[in-house]
Amino acid sequence: MSRSKLLLVLLGSSLLAGCASDYLNNYDTMTLASGDSQKTNQLLQTVDPYNPASNNTKIEGDGARSVGVVQKYKLPPSGGPTTNMTVNVGPSVGTSTTN
């Protein structure tokens, strides 16, 4: 077989294989999105689905207050915890548990 015939056969077979690969995308099962047609249609017909406040790009804030909050979280508080709490885990000494 000559080289040109071999190339022609390979080209023809690749063209036919390209047409047959479309059948691999068809399944006999249901998808996870089946049954959502009403919700899809509602979203398609919504004029402006975004919150009107989302167009506001000027967000007001106090810079000094923001820096103070960031510094508070960056630096741990000095000293240990100052709690005067006593936790009793077991029974007290001298109490009886007999019935």
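Quick caveat, the model's predicted, so the values are computed rather than measured.

Quick word on the overall build of the protein
- The secondary structure content of the protein amounts to three helices and zero strands.
- Starting at the N terminus and walking to the C terminus, you meet the elements of the protein as α-α-α.
- Taking all 99 residues of the protein together, the buried fraction comes to 0%.
- Summing over all exposed atoms, the protein offers an accessible surface of approximately 10600 Å²; the carbon and sulfur share of this is 58%.

Side note on the confidence of the model for the protein
- The share of residues in the protein with pLDDT of 70 or more is 73%, and the mean pLDDT across the chain is 77.
- Considering each helix and strand of the protein separately, the mean pLDDT is smallest for helix 1 (residues 3-20), with a value of 81, and largest for helix 3 (residues 63-74), with 88.

A few points about a nonpolar patch on the surface
- Taken together, the side chains of Leu6, Leu7 and Leu10 present a nonpolar region at the surface, about 290 Å² in accessible area.
- Inspection of the secondary structure puts Leu7 in helix 1.
- Classification of Leu7 by relative accessible area gives exposed; the value is 54%.

Calculation notes
Residues numbered from 1 in each chain as written. Predicted model: local features only at pLDDT ≥ 70, side-chain atom pairs only at ≥ 80, totals over all residues. Heavy atoms only, no water. Helix = DSSP H or I, 4+ residues; strand = E, 2+ residues; numbered from the N terminus. Buried < 20%, exposed > 50% of the residue type's maximum accessible area, 1.4 Å probe, protein only. Areas by Shrake-Rupley, 256 points an atom, 1.4 Å probe, with all protein chains shown as cover. pLDDT = per-residue confidence, 0-100. Patch = residues over 30% accessible without salt bridge, like charges linked within 9 Å, V, L, I, M, F, W, Y side chains within 5 Å. Salt bridge = Lys/Arg side-chain N within 4 Å of Asp/Glu carboxyl O.

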